[in-house]
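Examining the three-dimensional arrangement
As a plain string of letters, each chain reads:
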Amino acid sequence: MKHRAWIAVSGFVWFVIGTWLLYKGLHLISDAAINPASLSAKIKFFGSQQQAATIFMAIGLFIGFFKGRFVLAKTVRRVVARIVSLPLPIRLKDAYAPSYWILIGSMAGLGMLFRFLPLPVDVRGMIDVAIGSALVNGAMLYFRAARETQNAERKTQN
C-alpha cells in the first residue's frame, strides 16, 4: 500500500474504535439517567438525572476534544512522519513503531481494567465518551494528513 493508504487505514481504525466507545459511553450515561440505582452519589449535585447525564456527556466530549486535539495530535504527527519516511512497499510491521503498539495495548488494557474497577456507570460512560471523542478527533487528523499526502504526491508527479 502507498503512504496515503496506510495513513487512512490508521485513521479508519481510530474512527471505528472511537465511534464504538462513544456509542458505549453514551449508552452507559443514558442508562444511568434512567436507572437511579446505578448513579454515582455526586449526581444529586446536578439536579435531575437527565441534567446530570447531559453534563456528564458534555464533560466527556470536552475532555475528549482537548485530548484529541493536543495529546493525540502529537501521536498522529509522529505516526504520519514515520509512514511518509518509509520506502514503498510498506509492510504492517514496518508501518508502526513498537512504541505505538505499546500505546495501543496500554489503552486497551486500561479500558479492560475499567470493567473491573468499582466505578459508577455514569463515570465509566463519561470516560468512554472522552476517549471515544478523542479517538474520533485523532482520526480526523489522520484523514487530513492522508489528503495532504495525496496532494503532495500529485505535486511531485507533475
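Residues numbered from 1 in each chain as written. Predicted model: local features only at pLDDT ≥ 70, side-chain atom pairs only at ≥ 80, totals over all residues. Heavy atoms only, no water.

Overview of the packing of aromatic side chains
The tally for this structure, following the rule as stated, stands at 8 aromatic pairs. Centroid distance Tyr96 to Tyr100: 4.8 Å. Interplanar angle 15°. Geometry classified as stacked. The interplanar angle of 75° and the centroid separation of 6.2 Å between the aromatic rings of Tyr100 and Trp101 together place this pair among those described as edge-to-face. The exposure class of Trp101 is partly exposed, given its relative accessible area of 43%. Grouped by ring-pair contacts, the aromatic residues Trp6, Tyr96, Tyr100 and Trp101 constitute a single cluster. (Phe/Tyr/Trp six-rings, centres within 6.5 Å; stacked < 30°, edge-to-face > 60°. Buried < 20%, exposed > 50% of the residue type's maximum accessible area, 1.4 Å probe, protein only.)

Here's the deal with the side chain of Ser10
Inspection of the secondary structure puts Ser10 in helix α1 (residues 3-34). In this structure, Ser10 is in contact with Ile83, Tyr96 and Tyr142, ignoring residues within four places of it in sequence. (Helix = DSSP H or I, 4+ residues; strand = E, 2+ residues; numbered from the N terminus. Contact = heavy atoms within 4.5 Å.)

A short note on the environment of Lys2
Tracing the sequence through the fold places Lys2 in the segment before α1. Taking the C-alpha atoms as reference points, Lys2 and Phe116, 114 residues apart in sequence, are found 41 Å from one another.

Overview of the nonpolar core
Of all hydrophobic cores here, the largest spans 22 residues; its most connected members are Ile7, Trp14, Ile83, Tyr96 and Tyr142. For this core, the elements supplying multiple residues, two or more each, are α1, α2 (49-85) and α5 (121-157). Apart from the residues lying within four places of it in its own chain, the contact partners of Ile7 are Val80, Ile83, Val84, Tyr142, Ala145, Ala146 and Thr149. Leu22, Phe56, Met126 and Val136 belong to the second-largest nonpolar core, a separate cluster that totals 8 residues. (Core = buried A, V, L, I, M, F, W, Y, C linked by side-chain atoms within 4.5 Å.)

So, the confidence of the model for the chain
Detail in the predicted coordinates should be disregarded across regions flagged by low pLDDT. Taken residue by residue, the chain gives an average pLDDT of 84. The fraction at 70 or more is 92%. Averaged over each element, pLDDT in the chain is lowest for helix α4 (residues 98-116) (81) and highest for α1 (89). (pLDDT = per-residue confidence, 0-100.)

Let's talk about unusual backbone geometry
Note the cis peptide between Leu88 and Pro89, where omega equals -10°. Looking at the element boundaries, Pro89 is found in the loop between α2 and α3 (92-95).

Some words on the side chain of Asn137
Tracing the sequence through the fold places Asn137 in helix α5. When neighbours within four sequence positions are excluded, Asn137 is seen to be in contact with Phe65, Gly68 and Arg69.

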